[in-house]
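As a plain string of letters, each chain reads:
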Amino acid sequence: MNDSQSPSFSSADSFDSASIATADQNGGRSRRSADGSQTLASEQLRRWRDVFWLGIFTIHLVVLGIVMAVLGINRFKRTDRLNIDRYTDGFLENQRGLTENYWPLYAVAGGVGTVLGWTWLLLLGSQANYMMKVSVHILTTYLAVISVLCFWADQFFWGVAFAVGATFQFFYVISVIERLPFTMLVLQKAAKMVWSLPEVTRVACAFILVMLLWMTLWSFGAAGVVASSMGDSGRWWLLVVLSVSLFWTGAVLCNTVHVIVSGMVFLVLIHGGRDVSSMPPNSLMKSLRYAVTTSFGSICYGSLFTAAIRTLRWEIRGFRSKIGNNECLLCCVDFLFHLVETLVRFFNKYAYVQIAVYGKGFNHSARDAWELFQSTGVEALIGYDCSGAVLLMGTVLGGLITGTCSGVWAWYKWRDRMIMVGSTSMLMGMVLVGLAMVVVESAVTSMYICYAEDPLLIHRWDAEFFNQMSEMLHQRLQHRSARAREVLSHDRLDSHMRETIPV
């Protein structure tokens, strides 16, 4: 990012609502009044957004639902009930099985994932900070243990894959170790905010149940694929397609919760509390209605790309900070970094706050949020914060625990299907635990949006936290300015040397 666009603030006192107010670029955005109050865009101003992607997602659900039902029924109680095997006669490699042989393994995955998700929500107020610290430090060890188990089970490819994952996780944590204290502070305050809104945790629990119902059908089809008589390559391709579908569906539900919680947190911060008289009535139900109607297309669209781009950005940031003076490698990484930063402008999680509050389309929301952060300098603070990565670690850990439970059972019953069952069960666990984690992430994104629009909103909610954020932002802007001066001096020195050295 271009540091020259970010203003420099000398102290926390230099923040005021006038200096950070931004122009409204959407007719549906409500204006902040003199007392700082702001409400959700009225229902009359909201329009259906990104309807094309809403249609694509709906068609995908219907088609995949039919396919999964057919795949499961074909092997339920009787082999080749629908006479599908005639299309796979040339790929027979393994003995035939039944859907009900493998469906209980997925039931275990669904049960474990649900318990982990609900446990996280139950402990959100008292043990959230401790649980996030455990996730950061134990994930590397857990990945290494699973790698050893895969090698012991003669699964060389998966052993190498988990070993590489453990290595990347270890180096990433090392690269961001100095950022973790501030990250944990932000997550602790976000958990405090969510815990004061018990209705949003109930919404997350309800969406976990909805996801579990869809997984009942999904796992029925996946069990039919695992039990099918086609070869391993055919089964893997079908499972990959089903996994992509589950990932998108899970991301859509997670981001729906994200929009609902973001709308609630934003309103609480804007109005100074949930019990004040200016707080709009039935705020949660309005946020829920907007999320599943007019804004649902934008959620479906953003869910396709946001998670992958965010993960890539975290990895590149961590790797970039540890390169050193290798100019060739630094040049390549910088190219990738700026490419990803460009994508982040149009696909970022802060768009969901704008969707929740103003009812904009996804790309418009993402661009407005990122321009707001750049114009105020808050992007420097967001770049330093690793809260999204820490929550992802907790999600992955929950998925690994779920996959291990189902995989160990599969090892004792059908060893040749252990990896298939374990990997798909891991994805199920990640989706279910992710639905619980997203409530904290939603609070984090809303706090940053509010801080960028009017820092005094954070000051009114928690003055000590406001001072800590302001101090850290001042440090990051100073750091960026120093780096910019260093790069400029280095370029001038190189130019001077080229001019003085005779050709």
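- Under an unreviewed UniProt entry, the protein has the name Choline transporter-like protein and belongs to Rhamnella rubrinervis.
- Taken directly from UniProt, the Sequence similarities (unreviewed entry) text for the protein runs: "Belongs to the CTL (choline transporter-like) family."
- Reading the Function (unreviewed entry) entry of the UniProt record for the protein gives the comment "Choline transporter."

1. Focus on the overall build of the protein
- Summing up its helical and strand segments, the protein has 18 helices and 0 strands in all.
- Residue pairs in contact within the protein that sit at least 24 positions apart in sequence constitute 80% of those at least 6 positions apart.
- As displayed, the protein has an accessible area near 22600 Å², and 64% of this comes from carbon and sulfur atoms.

2. Section: the packing of aromatic side chains
- Enumeration over the complete set of coordinates arrives at 22 aromatic pairs.
- Plain terms: the ring middles of Phe-157 and Trp-158 are 5.4 Å apart, the flat faces sit at 85° to each other, and that makes the pair edge-to-face.
- On the accessibility criterion, Trp-158 (24% relative accessible area) is partly exposed.
- Ring centres of Tyr-350 and Trp-370 lie 6.5 Å apart, and the angle between their planes is 40°; this geometry places the pair in the tilted category. Of this pair, Tyr-350 sits in the loop between helix H11 (327–346) and helix H12 (351–358) while Trp-370 sits in helix H13 (residues 362–376); the two residues are 20 residues apart in sequence, bridging distant segments of the chain. Assigned by exposure class, Tyr-350 and Trp-370 land together as buried.
- Among the aromatic residues, those joined into a cluster by ring pairs are Phe-52, Trp-53, Tyr-301, Tyr-352 and Phe-362.

3. Describing a nonpolar patch on the surface
- On the surface, a nonpolar cluster with roughly 480 Å² of combined accessible area is contributed by Phe-151, Phe-156, Val-160, Val-164 and Phe-168.
- Among the elements that make up the nonpolar patch, the one with the highest residue count is helix H5 (residues 156–175) (4 residues).
- With respect to the secondary-structure elements, Val-160 resides in helix H5.
- With relative accessibility at 33%, the residue Val-160 sits in the partly exposed group.

4. So, unusual backbone geometry
- Even without being glycine, Asp-154 reaches a positive phi, approximately 65°.
- As for its position among the elements, Asp-154 is in the loop between helix H4 (124–152) and H5.
- On the accessibility criterion, Asp-154 (69% relative accessible area) is exposed.
- In this model, Asn-282 sits at a positive phi of 55°, which is unusual for a non-glycine residue.
- Given a relative accessible area of 58%, Asn-282 falls into the exposed group.

5. Some thoughts on the environment of Leu-288
- Tracing the sequence through the fold places Leu-288 in helix H9 (residues 283–292).
- The spatial distance from the C-alpha of Leu-288 to the C-alpha of Val-257 is 8.4 Å, given a sequence separation of 31 residues.
- Aside from chain neighbours lying at most four places away, what touches Leu-288 is Phe-207 and Ile-260.

6. A look at the pattern of salt bridges
- Counted under the stated rule, the structure contains 5 salt bridges.
- The partner of Glu-441 in a salt bridge is Lys-349, with the nearest N and O atoms 3.4 Å apart. Here Glu-441 is found in helix H16 (residues 418–453), whereas its partner Lys-349 is found in the loop between H11 and H12, with 92 residues between them in sequence. For the residue pair Glu-441 and Lys-349, the accessibility class agrees, reading buried in each case.
- In this structure, Asp-368 and Lys-360 form a salt bridge, with 2.7 Å as the shortest nitrogen-oxygen distance.

7. Topic: the side chain of Asp-385
- Mapped onto the elements, Asp-385 comes out in the loop between helix H14 (378–384) and helix H15 (387–413).
- One buried charged residue, Asp-385, remains without a salt bridge, the closest side chain of opposite sign being Lys-349 at 6.0 Å.

8. Things to note about the nonpolar core
- By size, the foremost hydrophobic cluster in this structure holds 139 residues, and its most contacted members are Trp-120, Met-211, Trp-218, Phe-373, Val-439, Tyr-448 and Ile-458.
- Residue contacts for Met-211: discarding those within four places in its chain leaves Leu-246, Thr-249, Gly-250, Leu-253, Val-431, Leu-432 and Leu-435.

9. Observations regarding the side chain of Thr-445
- Position of Thr-445 relative to the elements: it lies in helix H16.
- Apart from residues lying up to four places away in sequence, Thr-445 is in contact with His-258, Ser-262, Lys-349, Tyr-350 and Val-353.

10. Things to note about the packing of helix H3 (residues 99–122) against H4
- Put simply, H3 and H4 touch, their axes get as near as 7 Å, and they point 115° apart. The angle between the axes of H3 and H4 places the two elements in the roughly perpendicular class. Taken together, the residues of H4 that come into contact with H3 (itself represented by Trp-120, Leu-121 and Leu-122) are Leu-124, Ala-128, Met-131 and Met-132.
- Across the contact of H3 with H4, the residue classes tally to 7 nonpolar, no polar and no charged.

11. Looking at the environment of Ala-223
- Examined against the element boundaries, Ala-223 turns out to sit in helix H7 (residues 198–227).
- You can call Ala-223 buried: its relative accessible area is 0%.
- Each C-alpha atom, one on Ala-223 and one on Trp-103, is 5.3 Å from the other, the two residues being 120 residues apart in sequence.
- Discounting chain neighbours no more than four positions away, the residues touching Ala-223 are Thr-99, Tyr-102, Trp-103 and Tyr-106.

Quick notes on the rules
Residues numbered from 1 in each chain as written. Predicted model: local features only at pLDDT ≥ 70, side-chain atom pairs only at ≥ 80, totals over all residues. Heavy atoms only, no water. UniProt positions renumbered as here; feature names shortened; annotations may be inferred. Helix = DSSP H or I, 4+ residues; strand = E, 2+ residues; numbered from the N terminus. Contact = heavy atoms within 4.5 Å. Areas by Shrake-Rupley, 256 points an atom, 1.4 Å probe, with all protein chains shown as cover. Phe/Tyr/Trp six-rings, centres within 6.5 Å; stacked < 30°, edge-to-face > 60°. Buried < 20%, exposed > 50% of the residue type's maximum accessible area, 1.4 Å probe, protein only. Patch = residues over 30% accessible without salt bridge, like charges linked within 9 Å, V, L, I, M, F, W, Y side chains within 5 Å. Salt bridge = Lys/Arg side-chain N within 4 Å of Asp/Glu carboxyl O. Lys, Arg positive; Asp, Glu negative; His and termini not counted. Core = buried A, V, L, I, M, F, W, Y, C linked by side-chain atoms within 4.5 Å. Axes fitted to C-alpha atoms, helices over the stretch in contact; angles between N-to-C directions. Parallel < 35°, antiparallel > 145°, perpendicular 65-115°, else oblique. Nonpolar A, V, L, I, M, F, W, Y, C, P; charged D, E, K, R; others polar.

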